[in-house]
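# Residue-level structure breakdown
What follows is the residue order along each chain.
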2 protein chains.
Amino acid sequence: MINETYKAMLQGKSIIRELSEYAAARGREIGYDHVFDYSLGNPSVPCPQAYTDGMIELLREEDPMAVHGYSPSLGIESVREAVADSLNRRFAMDYEAKHIFMASGAAGALAHAFRCVTGPGDEILTFAPYFPEYGPYVNLSGARLRVVPADTGQFQINFPALEEVMNEKVMAVLVNTPNNPSGAVYSTDTIRKLADFLRAKQREYGHDIFLISDEPYREIVFEGADSPYVSGFYDNSISCYSYSKSLSLPGERIGYVAVNPRCKDGDILAVMCGQISRGIGHNCPPSSVQLAVARMLDQTSDLSVYETNMNLLYESLKNLGFTVVKPGGTFYLFPKALEEDAGAFCMKAKKYDLILVPSDNFGVPGYFRMAYCIDTEKVKRSLPVLERFVKEEYGR
Amino acid sequence: MINETYKAMLQGKSIIRELSEYAAARGREIGYDHVFDYSLGNPSVPCPQAYTDGMIELLREEDPMAVHGYSPSLGIESVREAVADSLNRRFAMDYEAKHIFMASGAAGALAHAFRCVTGPGDEILTFAPYFPEYGPYVNLSGARLRVVPADTGQFQINFPALEEVMNEKVMAVLVNTPNNPSGAVYSTDTIRKLADFLRAKQREYGHDIFLISDEPYREIVFEGADSPYVSGFYDNSISCYSYSKSLSLPGERIGYVAVNPRCKDGDILAVMCGQISRGIGHNCPPSSVQLAVARMLDQTSDLSVYETNMNLLYESLKNLGFTVVKPGGTFYLFPKALEEDAGAFCMKAKKYDLILVPSDNFGVPGYFRMAYCIDTEKVKRSLPVLERFVKEEYGR
C-alpha cells in the first residue's frame, strides 16, 4: 500500500513554489518583463565560460569510459584531493582526501551529514530564520528538527533562546551562514560564542554535539563582511557545500561533505557517508561534473551583480522606512513587513506585480524575503513600483 | 553521537569490491593484461558518439542557465514526456509525463519506488539469485528484504518457494530481469504466472502488492531470448530504469521511475517521489545529462560485444563440463562451481589470475559469477587458462 507519510506531504504546497508559479503565469499574461519576481533563489548569472570549455575538453579529449564511468561511492579520488587542497589553501584547514565525500549538491550533503551523526529520535537544532526545506530534510532522516527563535535585531544567534531550547537529545546543530533568508553572515564573535556554548554542553551532557554548517552561499559575501570559516572554530564539525550558487550549476547536483579532521571519528565519517549512500540511493554525483568542477575549484561565476542589486534595494528600502538588516552576503534581503501579517503584506504587493515571499515558513512571522538574483535593470525598474506600493497601501 | 547502524556497516566489505581491488593490485604486479578480471559489472564499451556530440552541442549552443539550471524535482517536463513517448512506442504502454520521475540511476529509482509503496516494517520480496545491494537498498529504507530461494534449474521463478515465503506483510515484489547475476531473462510465461499469483494474493490479503521491476539490463538481450516488458502484465507495477548499461553512462547517474498508468494511485506516485526526494536529498538527476539523454532515448551503445563474449565463454564452460544456464541477456554468466564451496573454488581460480565471484552473496551457494564486460581478445586469452585451471585443480 502506498506510504501515508509521503502521501500526506502532497497536501503541503511550498509557498515559494506557488508564488514563483504565479509569477510565471502572470508573466505569460502581461509579459514577464513587467513582473518583479523576487520569489526564487535561482542564480541569475551563467556558469563561468571556463566550466563550459573545460567540460567540452573533457568530452572531446578524455576516454569516455573514464569521464562517464562509475565514480567510487565517496567520489573520484583526485577530485576529493583537489577539494581538500583548495579548502586547506583558503581556510587554513588540514583536510585530506579521506575527509571529503562528494555529494549531490547541498541537499545531498546534508542528507548524509544528518544520518552520520544522529539516529531516530535524536534532535537537530537550527536557528530561525531558516530555509524551510530543513523541515523535511531533517524529519525524514529520522531525527527531529528543533528551531531556536530568531535574533531579529541582527539575525545573528539569539543565545538566551538557544540556552532554553538546548537539551540532551540534541546531537547536532545546523547553521547556515551566509543565511537564507536573512542574508546575514555570522560574525567571528557569533561563531566563537556558539562553539564555546557547544563545547560546554558536550561536557555537561557527556556526549558529542556536531556542528553542521550548510554553506552554499559561502562565496557570495559582500564588501566589509566578516565571514569566518565555521569549521575552523569547532572540532566536531562538518561542512556541507554546493557549487550551485558559486558556479551557477544548481541543476548539476554537485557539492561535498567535508569532515573536520580534528573531529571525533574524523577518519570514518566520510566512509560512513558511502554506506548511507547505499541506503538512500545516491551513489555519487555525476562523474563528468566532478571532473569538470575539480578543474576550477577556486573560481566562481561573476557574482558581483548580487552586491549591486543588494545595494540598490537596501538603499531604497531604508529610504521607504523599512526596518532591514543589511545583508553581508547571499542574494536575499529580509525586511520587516509594514503590517503584522506578512502574508497580507505580500498579497497587497502582488497587486503591483511585486512578488515577495512572506516569512512565516522561515520560522519568523512579520518579515518578507526578496531573492534579488535577477537582472539589475529589472531591480532598477522595480524601485518606483515598490515606492508606489508603499505609498498607496501604507500611506508612506 | 555517530550513527551505530552505518558505523556497523563499515565492517561488512563487499566481496565484489575486494576481488576487483585484488585484481587491480595484481595487475600492477604482473600487468593488468595478464589478469582475467571477471569481477565487476562495469560497461566495457564507450557511450555512443552521438551522446558526446549532443552534449557538446548543448554546451555550445544552449543558454547555460537552461542547461545547468535547477530541474523541477520530478525531472525536466520535456524529458519526462520524451521518456513516456519512447516507452509507449516500444512497449505498447500508455504512459504520460506525469507517470515518469527522473531519478539518479537505478539505485536512485529503487530508493524512491521502495519508499513509495512500503512503510517501516513492511516486507519487500525478491528472488535468489539477486544483486547483493538489494539488502542495504531495502533494509535502510525501513522495509525488510525477504528472499525466495532460487529455481536453480533455469533461474526463472521457484513458485513453490514463493508460495511458502509469501505473507501478508509483503507490500512489494522486486524482480530483476534480465538478471544480475544469472543472466537469465524471465519468460512471458514466468511473468504471467507471477502476475496471476500476485493478483490472487492481493484479493486474498485485501491490500495492494506492487511489482517493482529493476531493469538496467533491459537493452542487453541476446538472440532468441523472450524478454517481455514486465509492467505490461500487471497493473500495480513500477519500472525502475537506468541508462548506465544501455548508454554506458554509469557515473552520470541517470534513470527513471515509470509508474504504470493503470496502477492504483497511478497519478500521484511520481509526485510522491518528489516528496521522497526531499527527505533523501536527491532533488533531481543532473539537468545537462537529462537533456542530452532525452535526445537519444531509443539508442544504445554498441552492445554486441557482450553476446560475443557470452557465446565464447558459454561454449567453453559447457565443453569443460560445467553446469550453466545460457544467459538471455546482461553481461553475466552464473555457472555451478566444481566443488560445493564456491569460495574455495574461486580462491583456487585466483592462483591462475582468473577473478571469479563466489555466489553466496547473491543468495545461492555453490555457483560463481563471471562479469564478461571485458575485451573479447582478453576473453579469448582466458579460455586456455580456464581449461588449465579445471584440469589441474579438478582433474577434468
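Refer to the structure presented above.
Scope of this entry: the structure provided in the associated data block. One numbering rule holds for all chains: residues counted from 1, following each sequence as written. Chain A is the first chain written and ligand 1 is the first ligand written, with later ones labelled in order. Residues qualify for local features only when their pLDDT is at least 70, as the model is predicted, and side-chain atom pairs are given and counted only at 80 or more; totals for whole chains, interfaces and linings, by contrast, use all residues. Note that the side-chain values use all heavy atoms of the structure and ignore hydrogens as well as water.

### Looking at the overall build of chain A
Selection criterion: In DSSP terms, a helix is any run of H or I states spanning at least four residues, a strand is any run of E spanning at least two, and both are numbered starting from the N terminus. The globule rule used here is 2.2 Å times the number of residues to the 0.38 power, and the radius of gyration it is set against is calculated over C-alpha atoms. Should any heavy atoms of two residues lie within 4.5 Å, those residues are counted as being in contact. Only the protein chains shown count as cover for residues, and the accessible areas themselves come from Shrake-Rupley with a 1.4 Å probe.
If you tally the helices and strands in chain A, you get 14 helices and 12 strands. A globule of 396 residues ought to have a C-alpha radius of gyration of about 21 Å, and chain A, at 21 Å, matches this closely. For chain A, the C-alpha atoms occupy an extent of roughly 60 × 60 × 55 Å along the three principal directions. Contacts in chain A between residues far apart in sequence, at least 24 positions, make up 75% of those at least 6 positions apart. A total accessible area of about 14300 Å² is found for chain A, and carbon and sulfur atoms account for 47% of it.

### Considering the interface of chain B and chain A
Operational definition: Buried area is a sum: the accessible area each of two parts loses on coming together, probed at 1.4 Å, counted once for each and added. What counts as a salt bridge is simple: a side-chain nitrogen of Lys or Arg found within 4 Å of a carboxyl oxygen of Asp or Glu.
Contact with chain B, which involves 70 residues of that partner, is made by 70 residues of chain A. For the pair chain B and chain A, the summed buried area comes to about 5700 Å², and 61% of that belongs to carbon and sulfur atoms. Of all residues in chain B, B:Met1, B:Tyr70 and B:Arg278 give up the largest surface area on contact with chain A, accounting jointly for 13% of the area buried on that side. Seen at the junction of chain B and chain A, the total is 2 salt bridges. Across the salt bridge formed by B:Glu133 and A:Arg278, the nearest N and O atoms sit 2.7 Å from each other.

### Some remarks on the relation of the copies chain B and chain A
Turning one copy of the chain about an axis and sliding it along that axis gives the other copy, so a rotation and a shift relate them. Here is the rule: Alignment of copies: least-squares fit on C-alpha atoms of residues with pLDDT of at least 70 in both copies.
Its rotation angle being 180 degrees, the transformation that places chain B on chain A also includes 0.0 Å of axial translation and leaves an RMSD of 0.0 Å. In symmetry terms, the pair is related by a two-fold rotation axis. Counting the interface residues of chain B, we find that 100% of their copies in chain A are interface residues as well, pointing to one common contact surface.

### With respect to the pattern of salt bridges
To keep things clear, this is the line we draw: Buried, partly exposed and exposed residues are distinguished by accessible area as a fraction of the type maximum, computed with a 1.4 Å probe on protein chains only: under 20%, between the cut-offs, and over 50%, respectively.
Applying the stated criterion across every chain yields a total of 42 salt bridges over all chains. Taking the shortest distance from any N to any O, the salt bridge between A:Arg26 and A:Asp353 comes out at 2.6 Å. Note that A:Arg26 is positioned in helix α2 (residues 15–30) and A:Asp353 in the loop between α13 (342–350) and β10 (354–355), a separation of 327 residues in sequence. For the pair A:Arg26 and A:Asp353, one class covers both residues: buried. A salt bridge links B:Glu163 to B:Lys201; the nearest nitrogen and oxygen atoms lie 3.0 Å apart.

### As for the packing of helix α3 (residues 49–61) of chain A against helix α3 (residues 49–61) of chain B
Where we set the bar: Structural elements are reduced to axes, namely lines fitted to C-alpha atoms, with helices fitted over the stretch in contact, and the angle between N-to-C directions of any two is expressed from 0 to 180 degrees. Here is the rule for angles: anything less than 35 degrees is roughly parallel, anything more than 145 is roughly antiparallel, 65 through 115 is roughly perpendicular, and the remaining ranges are oblique. By convention the crossing between two helices is left-handed if the near helix lies anticlockwise of the far one by an angle smaller than a right angle, and right-handed if it lies clockwise. Here the nonpolar group is Ala, Val, Leu, Ile, Met, Phe, Trp, Tyr, Cys and Pro; Asp, Glu, Lys and Arg are the charged ones; every other residue, Gly included, is treated as polar.
α3(B) packs onto α3(A) with a crossing angle of 165 degrees between their chain directions and a minimal axis gap of 10 Å. Classified by the interaxial angle, the pair formed by α3(A) and α3(B) is roughly antiparallel. Taken as a pair, α3(A) and α3(B) cross one another with a handedness that is left-handed. Counting all contacts with α3(A), which are made through A:Thr52, A:Met55, A:Ile56, A:Leu59 and A:Arg60, the residues of α3(B) involved are B:Thr52, B:Met55, B:Ile56, B:Leu59 and B:Arg60. Counted by class, the contact of α3(A) with α3(B) contains 6 nonpolar, 2 polar and 2 charged residues.

### Examining unusual backbone geometry
A cis geometry characterises the amide bond from A:Thr177 onward to A:Pro178, with omega recorded as -10 degrees. In this structure, the amide linkage connecting A:Asn180 to the following residue, A:Pro181, adopts the cis form with an omega of 20 degrees. Structurally, A:Pro181 is set in the loop between β5 (170–175) and α9 (188–205). The residue A:Asp353 is not glycine, and still its phi comes out positive at about 60 degrees. Even without being a glycine, B:Ser248 presents a positive backbone phi close to 55 degrees. Within the secondary structure layout, B:Ser248 lies in the loop between β7 (237–242) and β8 (255–259).

### Considering the environment of B:Pro365
Residue and element names in this part refer to chain B. Within the secondary structure, Pro365 sits in the loop between β11 (357–358) and β12 (368–371). Residues Pro365 and Pro72, spaced 293 residues apart in sequence, show a C-alpha to C-alpha distance of 45 Å. Apart from residues no more than four positions distant in its own chain, Pro365 is found in contact with Ser359 and Asp360.

### Here we look at the environment of B:Glu133
For B:Glu133, the location among the structural elements is in the loop between β3 (123–127) and α7 (134–139). A relative accessible area of 18% means that B:Glu133 is categorised as buried.

### Examining the packing of aromatic side chains
Where we set the bar: The rule is short: rings of Phe, Tyr and Trp, with Trp giving its six-membered ring, pair when the centres are within 6.5 Å, and they are stacked under 30 degrees, edge-to-face over 60, tilted in between. Whether a charge sits over a ring comes down to the Lys NZ or Arg CZ being within 6 Å of the ring centre and within 35 degrees of the ring normal.
If you walk through the whole model with that rule in mind, you get 44 aromatic pairs over all chains. Aromatic ring contacts, followed pair by pair, group A:Phe322, A:Phe345, A:Tyr352, A:Phe368, A:Phe389 and A:Tyr394 into a single cluster. Here A:Lys350 stacks its cationic end above the ring of A:Tyr22, 4.3 Å away from the centre of that ring. The ring of B:Tyr241 carries B:Arg218 above its face, with NZ or CZ at 4.1 Å from the centroid.

### Re the nonpolar core
For clarity, the cut-off: To define a nonpolar core, start from buried Ala, Val, Leu, Ile, Met, Phe, Trp, Tyr and Cys residues and group those joined through side-chain atoms within 4.5 Å.
By size, the foremost hydrophobic cluster in this structure holds 102 residues, and its most contacted members are A:Ile212, A:Leu269, B:Ile212 and B:Leu269. Filtering out sequence-adjacent residues up to four positions away, A:Ile212 remains in contact with A:Leu110, A:Ala113, A:Phe114, A:Val117, A:Ala172, A:Val173, A:Leu174, A:Val175, A:Ile238 and A:Cys240. Within the second largest apolar cluster, 59 residues are counted, among which are A:Val79, A:Met93, B:Phe91 and B:Tyr241.

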